[in-house]
Every structure is written in structure tokens, then in C-alpha cells.
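Next come the chains, spelled out residue by residue.
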Amino acid sequence: MILVYYKLYFAIFFLPAAIVAYQICPKRFRWGVLLLFSMGFYAAVSVPLFGFVVIATAISYATGLILEKISNNKKLIFKELKGPENKDKKNVLKKKFQRKTRLVLAAGVIVSLSILLYLKYYNFFAGNINVVFGGGSEVLPIKSLVLPLGISFYTMQAISYMADIYWGKFEAQRNPLKLLLFLCFFPTIVEGPIALYSDMKDRLFKGESINPYNVMKGYIRLSWGVMKKLVIADRMNPAVVYLFDSTRGTKGAEVIAAAVLFTVMEYLDFSGCMDMVVGCGMIFGIELPENFRQPFLARNASEFWRRWHITLGVWFKTYIFYPVSMSKLAKNWGKFAKDRVNKHITRVVASAMALLPVWLCNGLWHGPKWTYIFYGIFYFIVIVLELLLEPVGDKLLEILHTSKENKVVNVIRILKTWIIIFAGELFFRADSLREGFRMMRDIGKGTGISILWNGTALEWGLDMADWIVIFVSLIIVIVVNMIREKGVDITEALIRKPLVVRWAIVTALVLIIMIFGLYGPGFKEVDLIYAGF
């Protein structure tokens, strides 16, 4: 089983052992302690599969050194070619060096991606090719492939490392073991967040001493995440499984309930895991990037993705959206559209060019399923439509003599965004694309909103006590999120409280987890949702 953060033995044995070993080790070797515990964390899943992380490290390490060597050679040569008489020669050499670095970067990225694509997507593409061209026989064999833990996350980090060296953002790491730590740091390896080397290189290796303040702060954040996962998300799982069972033909208001419950469950599961991850980092004085910022307060789909899985969005924006925006295709469109096409349409089309590969990759990143691909295309269409219709919305607000900042308008925009979110998550969770469309079609059939009070919800695998725990816990989460939206750091505020108040709240949180958390004999363990991506 994966040694994940909400396990009792992780909090009681693994993490304290890592803290003690880290603290007693000399400062300059503390990063090595983190590496050893990260390797041990991964070994709890599979020792052989750790070889793929080592391969990813070797590829990015070698690529980074070669890129830096080419860059240094270029600087030395250009230093000697001073004066206007060497201008043409410098231009020729510049193109030559650019070609070299692009080839090296492309080789590193392609090799890294090839491993991910083969292990994660081969059977998906082989199965679809067999259906289309097989005529009942296998064109490509279906293979038994094992997916290494965190492969999508560490592959993206490795690619960002190579690309950033290509862009000259920092020097290549000379110590391969430090690069290995960056890719397999135990808090982030299961579900991210997708950290950038430029942000992490100083934090991971500085080896600052652990202090009680950070330990308290980290354990509070970790416990908060465990509560969201074990008390709420896991408790909702039986209802979600029941409602999305394709054999029962869920219809009517139950379809809406299915979409809402899964969306809330997924958010609490994933954001809860991120709380645990960030909390672990805090203990060692390592600041990890936040992955959620009250996403259900977003006023449109674009803002939702700036608040949900933030690091994935930043990665796609940096390494796909911007490069495509600056590509020859985009520039040629800009030249063609100038004085021919309306400026707004020109901007929307240019954005669509860059957004299409982003959302195709977003869908595929989540996994080898048509529902995930559709999920990506769904958001592509929604966001492009939002961009296209923006002037219409602005004109309507002008006619109504109001603005986007009006509270009533804000509420309407948030509710509209909820519909988009729940519709997307319905397809995301559906057993198949066909089942997703079937559920969407049957919303108007069957029972209505009366399911909220006629006892129907008690047939979904949860009793009244479960629903009460879910409701009360959700109220607490909503209140905390509303406070965070105002810019208040809840953990910091709690730490500043008097000792008695602080420990009373911490004790209450621990008791809630112990009493209401779903674990132990008789309970089915629910895996972290994003650990499969």
C-alpha cells in the first residue's frame, strides 16, 4: 500500500523519524536525509519502479549540462567576435547554436515523454486502434504495464527543469542526487503540487533547523487535510459510487446530486492531500506552492482554473500556452488578421490557437480515457466562448447600469460557473462518454428535488448520521475558505492564539478525525483520487 500522508503510521512513525534524522544531521547534509526518506517512501510502493525516477533524473541531468555547455561555448565565442565587422558571422553562429540547443532540449523532452506516453497511454491507443482497424482481431497487442507512482508529476517537473535551463533561468544542477531529490521529494511525489526547480532549488537544499513553530504549524495544516479526506471525502464515496453506477441508470435530480457530490468529494480529497503535502513541507521549513485558492468562488471558467490545481495550470501556461502564443503560426495569424479581421476576433482566435493544445494535454494528462479528453475539450470550448462573448456581457452590464463588481452580478456569475464545473465533473467521473451523455440527457426524467427530503438520499449508502457529519463538516470548511478568501492565514492566526486556545482547537481537530474519520476494520479504504493521475 502507498505510504500516504493520512495513514496513522505516517504521522506517528515515518514523519517523526524523518524530523529527528533531519535535525541531528549536520546542516549541509540535511538534504541527503530528505533524499533517503524520499527513497524509502517510494520503496514502500516498489523498489524496482523507483528506477524510472532515476532514469528521469539522468535524462534531465544530462540534458541540463549539455544545454549549459552549449550556452557557455556560445558566450565565449561571441566574446571574441566583437565589432560590427563580425555581425553577419554572429548571426550565422547564433542560428547554429539555437539549432543545437533546440535539438538537445527536444531530445530530452521526447525521451522523457516517451516513457510516460508508453507506460500510461499505450494500451489506450492500442485498444482504440484495434477497435477501428482490427475488425475483431488485434492490430496491436494489449500489454500488462505498471505505472510508476507520480510519473506524471515528476515527468512534468523534469521537463520544466530542462526548458528553464534552455531559457537561461538558472544554472544546471551539478549534483545529480540533488536533482533526484527535487523530482522525488516524498511530500510531493504522490499528487504534486508540480513544483518548479527555480522555486525549490534554495528551499530544498538550505537545511535550516526545524523549530517548534514550524512543527506546530505543519501538523495543524496536515491534520486539517486529514480531516477533509477521512471525515468528509471518504464518507461521501459510497454515495458517489452508487450514483455513478452505470447499471442502475441514474436519472432526474439524482444526476445533479451525483455531479455535485463527486465535485465536492474530489475537491476535499485533492485539496486535503495538498494540505497534508504543504503541512509536511512546513515542518522542514520548505515552502511548497499552493494548489487551491477557494475555486468555488470563481466567476468564470478561466478563473476557476487559476484557483483549481494551480500548479498544473501554471505549468501548461508556461510551457505550452506561451510558446504556442509566440510561435510562427500565431504570428502569421496576427499578420494576416491585421486590417482584415476585427481586433476582438483576432485576439480570440490567437488565444484559441494556444488554448487548444493546452486543454488537449490537460484532458490526456488526467488519464487514458475518452471522458478525460472530452473534459479538456469541454473547458476549451467554454473558455473560448467566454472570451468571444465578453463584449456582449460588458454591453449588457452597461445597459443595466451596473458592473462586474456588483454583489448580485458576482453571485450570478459564481452560480453560472458552478453549472460549468458540475457539468464538466459529471463527464470526468462517468464510466464512459456515452454514460455521461446519457446521464446529462436524463436530468429531466425521474425524481425531482424532493430527493432532498423524501428519504431517497438514505438509499445511497449513507445513513442520517453520515449526512449530518458531512453537512456540519462542510460548513466548517466553507467558513474557513471564506476567511482565507479575505487574505487571512488561518494557521498563522491559530498559532498566535494563547496556548490554551491553540491546544483546545488542535485537540478538537484530532478528536474529530479519531471519532468521525473513516479508517480501520470494517471500512473500505478510498485511494487518493489524483494519485492515479
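Residues numbered from 1 in each chain as written. Predicted model: local features only at pLDDT ≥ 70, side-chain atom pairs only at ≥ 80, totals over all residues. Heavy atoms only, no water.

A. Just the overall build of the chain, in detail. A tally of regular secondary structure across the chain gives 19 helices and zero strands. Taken over the C-alpha trace, the chain has a radius of gyration of 26 Å; the compact-globule value for 533 residues is 24 Å, and the two agree within 12%. Across its three principal axes, the chain shows a C-alpha extent of roughly 85 × 65 × 65 Å. For the chain, the proportion of its 533 residues judged to be buried stands at 49%. (Helix = DSSP H or I, 4+ residues; strand = E, 2+ residues; numbered from the N terminus. Rg over C-alpha atoms; globule rule 2.2 N^0.38 Å. Buried < 20%, exposed > 50% of the residue type's maximum accessible area, 1.4 Å probe, protein only.)

B. Seen up close, the packing of helix α5 (residues 151-166) against helix α6 (residues 176-184). Between α5 and α6, whose axes approach to 9 Å, the crossing angle comes to 130°. Classified by the interaxial angle, the pair formed by α5 and α6 is oblique. Contact residues: α5 offers Tyr 154, Gln 157, Ala 158 and Tyr 161, while α6 offers Leu 179, Phe 182 and Leu 183. Grouping the amino acids of the contact of α5 with α6 by side-chain chemistry returns six nonpolar, one polar and no charged. (Axes fitted to C-alpha atoms, helices over the stretch in contact; angles between N-to-C directions. Parallel < 35°, antiparallel > 145°, perpendicular 65-115°, else oblique. Contact = heavy atoms within 4.5 Å. Nonpolar A, V, L, I, M, F, W, Y, C, P; charged D, E, K, R; others polar.)

C. How the structure looks around the packing of aromatic side chains. Following the criterion strictly, the structure yields 49 aromatic pairs and no others. Judged by centre distance (5.9 Å) and plane angle (65°), the ring pair of Phe 321 and Tyr 322 falls under edge-to-face. Classification of Tyr 322 as partly exposed rests on a relative accessible area of 43%. The side chain of Arg 30 reaches across the aromatic face of Tyr 22, ending 5.5 Å from its centre. Over the ring of Tyr 372 we find Lys 369; its NZ or CZ atom is 5.2 Å from the centre of that ring. (Phe/Tyr/Trp six-rings, centres within 6.5 Å; stacked < 30°, edge-to-face > 60°. Lys NZ or Arg CZ within 6 Å of the ring centre and 35° of its normal.)

D. Expanded view of helix α17 (residues 464-485). Given a rise of 1.5 Å per residue, 22 residues ought to cover 32 Å, and the 31 Å separating the end C-alpha atoms of α17 matches this to within 8%. Every buried residue of α17 is listed here: Asp 466, Trp 467, Val 469, Ile 470, Ser 473, Val 477, Val 480 and Asn 481. Axial view of α17: buried residues confined to an arc of 155°, hence all on one face. The secondary structure elements touched by the buried residues of α17 are α8 (212-243), α9 (253-283), α18 (490-495) and α19 (499-516). Put simply, Asp 463 is the residue that caps the front of α17, since its side-chain oxygen is 3.2 Å from the backbone nitrogen of Ala 465. (Expected span 1.5 Å × (residues − 1). Arc of directions from axis to C-beta. Polar contact = N/O pair within 3.5 Å; in protein donor to acceptor, adjacent residues only side chain to side chain.)

E. Geometry of empty space enclosed by the protein. Counted under the stated rule, the structure contains three cavities of 30 Å³ or more. Counted as a void, the largest cavity has a volume near 50 Å³. For the largest cavity, the full set of lining residues is Phe 52, Ala 56, Ile 59, Ser 112, Ile 115, Ile 151, Tyr 154 and Thr 155. Elements with a contribution of two residues or more to the lining of the largest cavity: α3 (50-80), α4 (87-133) and α5. Looking at the lining of the largest cavity residue by residue, the classes come out as six nonpolar, two polar and no charged. (1 Å grid on protein atoms, 1.4 Å probe; cavity = no way out; pocket = protein on both sides within 12 Å on 5 of 7 lines; lining within 4 Å. Points joined across faces, edges and corners; volume = space filled by probe spheres on them.)

F. Broad picture of the nonpolar core. In terms of nonpolar packing, the biggest core is built from 148 residues, with Phe 284 and Tyr 379 touching the most fellow members. No other element matches α9, which puts 20 residues into this core. If we skip the residues at most four places from it in the chain, Phe 284 touches Leu 15, Ala 18, Ile 19, Tyr 22, Leu 34, Phe 186 and Ile 210. In this structure, Met 216, Ile 220, Leu 494 and Val 506 belong to the second largest nonpolar core, which totals five residues. (Core = buried A, V, L, I, M, F, W, Y, C linked by side-chain atoms within 4.5 Å.)

G. Region of the structure containing the packing of α6 against helix α7 (residues 197-205). Relative orientation of the contacting elements α6 and α7 amounts to 110°, with a least axis distance of 11 Å. With respect to α7, the axis of α6 lies roughly perpendicular. The hand of the α6/α7 crossing is right-handed. Note on element contacts: α7 touches α6 through Tyr 197, Met 200, Leu 204 and Phe 205, opposite Lys 178, Leu 179, Leu 181 and Phe 182. (Left-handed = near helix turned anticlockwise from the far one by under 90°.)

H. Expanded view of unusual backbone geometry. At the junction of Gly 192 and Pro 193, the peptide bond is cis and its omega measures out at 5° in the coordinates. One non-glycine residue, Gln 294, lies in positive phi territory at about 45°. Since its relative accessible area comes to 9%, Gln 294 is described here as buried. We note that Asp 339 has phi near 65°; this positive angle belongs to a residue other than glycine. Tracing the chain through its elements places Asp 339 in the loop between α12 (328-337) and α13 (343-366).

I. Summary view of the environment of His 401. Structurally, His 401 can be placed in the loop between α14 (370-399) and α15 (407-429). Residues His 401 and Ile 483, spaced 82 residues apart in sequence, show a C-alpha to C-alpha distance of 31 Å.

J. Representation of a positive patch on the surface in the model. Residues Lys 95, Lys 96, Arg 99 and Lys 100 make up a contiguous surface patch of positive charge. Looking at the secondary structure, you find Arg 99 in helix α4. (Patch = residues over 30% accessible without salt bridge, like charges linked within 9 Å, V, L, I, M, F, W, Y side chains within 5 Å. Areas by Shrake-Rupley, 256 points an atom, 1.4 Å probe, with all protein chains shown as cover. Salt bridge = Lys/Arg side-chain N within 4 Å of Asp/Glu carboxyl O. Lys, Arg positive; Asp, Glu negative; His and termini not counted. Charge placed at Lys NZ, Arg CZ, Asp CG, Glu CD.)

K. A look at the environment of Ile 490. Within the element layout of this structure, Ile 490 appears in helix α18. When the C-alpha atoms of Ile 490 and Arg 221 are compared, they prove to be 9.4 Å apart, with 269 residues separating the residues in sequence.

L. The pattern of salt bridges, seen in detail. Enumeration according to the criterion identifies 25 salt bridges in this entry. For the salt bridge of Lys 27 with Glu 208, the shortest nitrogen-to-oxygen distance reads 3.5 Å. Here Lys 27, found in the loop between α1 (8-24) and α2 (30-43), pairs with Glu 208, found in the loop between α7 and α8; they are 181 residues apart in sequence, far enough to count as distant. With relative accessibility at 45%, the residue Lys 27 sits in the partly exposed group. Here Arg 307 ties to Glu 303 by a salt bridge, and the two come within 2.9 Å at their closest N and O atoms. Residue Arg 307 and its partner Glu 303 are both found in helix α10 (residues 301-307); the two are separated by four residues, about one turn of the helix. The burial state of Arg 307 is the same as that of Glu 303; both residues are buried. In this structure, a network of salt bridges that share partners links the residues Arg 299, Glu 303, Arg 307, Glu 405 and Glu 485.

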